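Coordinate inspection notes
Spelled out from the first residue to the last, the chains are:
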Amino acid sequence: MTESKPFPPLKNDLLLRAARGEKTERAPVWVMRQAGRYLPEFRAERVEHDFFKICRTPELATKVTLQPIDRYDGLLDASIIFSDILVIPQAMGMTVEMVPGKGPHFPEPLVLPADMAKLTKSVDVHKELQYVFDAITMTRHALNGRVPLIGFVGAPWTLMAYMIEGGGSKTLSKAKEWVFKYPKESHELLGRITDVCVDFLVGQVQAGAQMLQVFESWGGELSPHDFELFSLPYLAQIVTRVKAKLGKDKAVPMTVFAKGSWYALDKLSVIGYEVVSLDWTHTPESAKAITKGHVTLQGNMDPNVLLGGDEAIVATVERMIRGFGSTERYIANLGHGILPSVPVDAMGLFLKTVHRVGLEVAAEAKAAEAASDTKVLG
Ligand SMILES: Cc1c2[nH]c(c1CCC(=O)O)Cc1[nH]c(c(CCC(=O)O)c1C)Cc1[nH]c(c(CCC(=O)O)c1C)Cc1[nH]c(c(C)c1CCC(=O)O)C2
C-alpha cells in the first residue's frame, strides 16, 4: 500500500513552515488529542468499536482522524493520526486493554528485569504495526491535502513506565524503583524501546506522515538529574537516528514534548528537534529566552481553561499569542491533551480566537516594520 499512488498536493503548509523556522501569515494551530472523547461523533464510534479496534482498522482510524478536521472546517492547521502511544508495548508482545472510564490496563506488567525475557527480541514494525502505516497512507489520501498529517510515538521513559506500572499511576513508584534499583537493566529496556521507536517513526514517514511528535508525557516525574540519565539521551537518539535513516531528502520536522520537564528546556532545544512543545508551566517570554530561537515553540494553554468559559478562553489566547508572537517560530496548541469534558463550542472558540489574534498580531508587526522602514528612509 505504501507509496502506491502519489499523495494530493498540500494546500495548507503553515505548520511545516512554522516548524522549519520560516515566516507564517499567522500562527498555525492544532490540539493534542483533537480526535477524542470530547467529540460526540467519536463517542458514537466508541459505542460500536473497541478503542484498539479503531486503531487497528485503517478505515476507522482514518474516519476518526478526520472528525475534528471536518467539524472545525478550515480552523485546524494539522491532523494527527488516530492511534496510541501504547501500540509499541503491544508490538513488543505485551497485552494492553483500554478500560472505559479507567484508561489503559496491562494484565501482565513487567515486575522484575527477568520479565524482559518475555518481550519480543527484535520487533519487525512492518509486521506488528503495519496497520498504523496503512492508516497513515489512507488518511493522507482522504485528507486530500487540506492539512499536513502528524505521526507520533511515546518516548522510551514514558513507555517503560507504563510497561512496569501496568497503567496510569500517581507516583510511578514501581517504574522509579526500577531505575534506581536496576539502572543497567533499565537502560537495556530503554534502549530496546528506542530501537522500536526509531523504526516505527521511519515507517510512519515512509507511509506518508509529514511531521513527527515524540510524547514524553511522564518526563516531569523524573528529577533533573534522572531526566538527563533516563530520558534525554533516548530522546536525542531518536531524532538523530530517525533523521539519519530517512536521509536529508526524506526527513520531516520533529517535535519533542516532555511534559513537566521545564528544567530541561535548554537541553531539549539543542538535540536536533525543530519544535519543542511546552506545557502551561512556561511563560512565552522565559521559554523564548531559554531556547534563544534555536527551535519553534508549540503550546501551551492549560487545557482546563477550555472549561472556564468564553471570557477566560479569549483572555488566555490573547496573552498566549501576544507573548509568543504569531509569524515566527510558533505553533499554537494546548499544554497537554484536550479533556473529554470540554464542550465542542469551547474548542471552536479557542481555534477561532487563535486565528483572529494571530492575524491581528501579524498585521501589527507588519505595520511596525513599515513604520521603522519609513523612519530609516526618512
Ligand atoms: C500518555 C498517552 C497515551 N496516549 C497518548 C499519550 C501521549 C499524550 C498524553 O500525554 O496525553 C497519545 C494519544 N492517544 C490518542 C491520540 C490520538 C490522536 C489525537 O491526538 O487526536 C494520541 C496522540 C488517542 C486516545 N487515547 C486514549 C483515548 C480515549 C480512550 C477511549 O476512547 O476510551 C483516545 C481518544 C486512551 C488513553 N491512552 C493513554 C491514556 C493515559 C489513555 C486514557 C486517558 C484518556 O482517555 O485520555 C496513553
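Residues numbered from 1 in each chain as written. Predicted model: local features only at pLDDT ≥ 70, side-chain atom pairs only at ≥ 80, totals over all residues. Heavy atoms only, no water.

1. Observations regarding the side chain of Ser231
The condition is simple: Labels follow the DSSP assignment, with helices taken as runs of H or I lasting at least four residues and strands as runs of E lasting at least two, numbered in each case from the N terminus. Residue contacts are counted whenever heavy atoms from the two residues lie within 4.5 Å of one another.
Within the element layout of this structure, Ser231 appears in the loop between helix H11 (224-230) and helix H12 (232-250). In this structure, Ser231 is in contact with Trp157, Glu216, Leu222 and Asp226, ignoring residues within four places of it in sequence.

2. Description of the site of the ligand
For the record, the criterion: Near, as used in this document, describes a residue that has one of its heavy atoms within 4 Å of the molecule or strand being considered. Polar contact is the term for a pair of N or O atoms within 3.5 Å; when the atoms are in protein, one must be able to donate a hydrogen and the other to accept it, and sequence-neighboring residues count only if both atoms are side-chain atoms. Using a 1.4 Å probe, the Shrake-Rupley method yields the accessible areas, and only the shown protein chains count as cover for residues. Any residue with an atom within 4 Å of a point lines the site, the site being either a cavity, points on a 1 Å grid over the protein atoms alone where a 1.4 Å probe fits but cannot get out, or a pocket, an open set with protein on both sides within 12 Å along at least 5 of 7 lines. More than half of a molecule's atoms within 2 Å of the grid points is what it takes for that molecule to sit in a cavity or pocket.
Taken together, 23 residues form the shell around the ligand, and within it Arg33, Arg37, Arg46, Ser217 and His336 come nearest. Between an oxygen atom of the ligand and a side-chain N or O atom of Ser217, the distance comes to 2.4 Å. For the ligand, the protein covers 89% of the area, taking 870 Å² as the surface of the free molecule. For the ligand, the cavity whose grid points lie within 2 Å of the majority of its atoms is the largest pocket.

3. Describing the pattern of salt bridges
Under the convention used in this document: Salt-bridge detection follows one rule: a side-chain nitrogen of Lys or Arg within 4 Å of a carboxyl oxygen of Asp or Glu. Each residue is assigned to one of three classes by its accessible area relative to the maximum for its type, calculated with a 1.4 Å probe on protein chains only: buried under 20%, partly exposed between the two thresholds, exposed over 50%.
Under the defined criterion, the tally for this structure stands at 23 salt bridges. Measuring nitrogen to oxygen at the nearest pair gives 2.9 Å for the salt bridge that ties Arg322 to Glu364. Of the two residues, Arg322 is situated in helix H15 (residues 310-324) and Glu364 in helix H16 (residues 344-377); the sequence distance between them amounts to 42 residues. With relative accessibility at 39%, the residue Arg322 sits in the partly exposed group. Through salt bridges with shared partners, a single ionic network connects Glu318, Arg322, Arg356, Glu360 and Glu364.

4. Overview of empty space enclosed by the protein
Note the following rule: Grid points are joined across faces, edges and corners, and a volume is the space filled by probe spheres set on the points. Gly falls in the polar group here, along with every residue not listed as nonpolar (Ala, Val, Leu, Ile, Met, Phe, Trp, Tyr, Cys, Pro) or charged (Asp, Glu, Lys, Arg).
Within the structure shown, the criterion is met by one cavity of 30 Å³ or more. Considering only enclosed or pocket space, the largest cavity measures out at about 70 Å³ in volume. Taken together, Ala258, Gly260, Ser261, Trp262, Leu265, Leu268, Val276, Ser277, Leu278, Asp279 and His282 form the lining of the largest cavity. Those elements that provide at least two residues to the lining of the largest cavity are helix H13 (265-268) and strand S7 (275-277). Looking at the lining of the largest cavity residue by residue, the classes come out as six nonpolar, four polar and one charged.

5. Some points on the packing of helix H8 (residues 156-165) against helix H10 (residues 183-207)
Quick note on the threshold: For helices, the axis comes from a line fit to the C-alpha atoms of the stretch in contact; other axes are also lines fit to C-alpha atoms, and the angle between any two N-to-C directions lies between 0 and 180 degrees. Helix crossings are classified by the rotation of the near helix relative to the far one: an anticlockwise turn of less than a right angle makes the crossing left-handed, while a clockwise turn makes it right-handed.
It is the contact of H8 with H10, at a shortest axis distance of 9 Å, that shows an interaxial angle of 115°. Considering how the two elements wind past one another, H8 and H10 form a crossing that is right-handed. Where H8 approaches H10, its residues Pro156, Trp157, Leu159, Met160, Met163 and Ile164 are matched on the opposing element by Ser186, Leu189, Leu190, Ile193, Thr194 and Cys197. Taken together, the residues of the contact of H8 with H10 sort by class into ten nonpolar, two polar and no charged.

6. Quick word on the pairing of strand S5 (residues 211-216)
The line we're drawing: DSSP-based pairing: two strands are paired if at least 2 bridges between them are found.
For S5, the buried fraction is high: six of the six residues fall into the buried class. Burial of S5 is two-sided: the residues Met211, Gln213 and Phe215 facing one way and the residues Leu212, Val214 and Glu216 facing the other way are all buried. Here five bridges tie S5 to strand S6 (residues 254-258), and the two strands are oriented parallel to one another. By the bridge assignment for S6, Val214 is matched with Val256.

7. Some remarks on the state of the cysteines
The cut-off we apply is this: Here, a disulfide means two cysteine sulfur atoms that sit within 2.5 Å of each other.
If you walk through the whole model with that rule in mind, you get zero disulfides. A disulfide-free cysteine, Cys55 has its sulfur positioned 16 Å from the sulfur of Cys197, the nearest such atom. For Cys55, a relative accessible area of 1% corresponds to the buried category. The class for Cys197 is buried, based on a relative accessible area of 0%.

8. Some words on the layout of surface pockets
The computed volume of the largest pocket comes to approximately 1400 Å³. Along the wall of the largest pocket there are 42 residues; nearest its centre are Arg33, Arg37, Asp84, Pro104 and Tyr162. For the lining of the largest pocket, the secondary structure elements donating two or more residues are helix H2 (40-48), strand S2 (97-99), strand S3 (103-105) and H8. When its residues are assigned to classes, the lining of the largest pocket shows 24 nonpolar, twelve polar and six charged.

9. Brief notes about helix H7 (residues 130-143)
The criterion, for reference: By this rule the span expected of a helix is its residue count minus one, scaled by 1.5 Å.
Between its terminal C-alpha atoms H7 stretches 20 Å, which fits the 20 Å expected from 14 residues at 1.5 Å a residue. Among all positions of H7, only Tyr131, Val132, Phe133, Asp134, Ala135, Ile136, Thr137, Thr139, Arg140 and Leu143 are buried. Asn144 sits one or two residues past H7 and shows a positive phi near 55°.

10. Considerations on the UniProt feature "domain: Uroporphyrinogen decarboxylase (URO-D)" (unreviewed entry) in the protein chain
Put simply, the test is: UniProt positions are given in the numbering used here, feature names are shortened, and annotations may be inferred rather than shown by experiment.
UniProt tags residues 28-37 and 150-166 as "domain: Uroporphyrinogen decarboxylase (URO-D)" (unreviewed entry). Secondary structure across residues 28-37 divides into 0% helix and 0% strand, with the first and last C-alpha atoms of the span separated by 23 Å.

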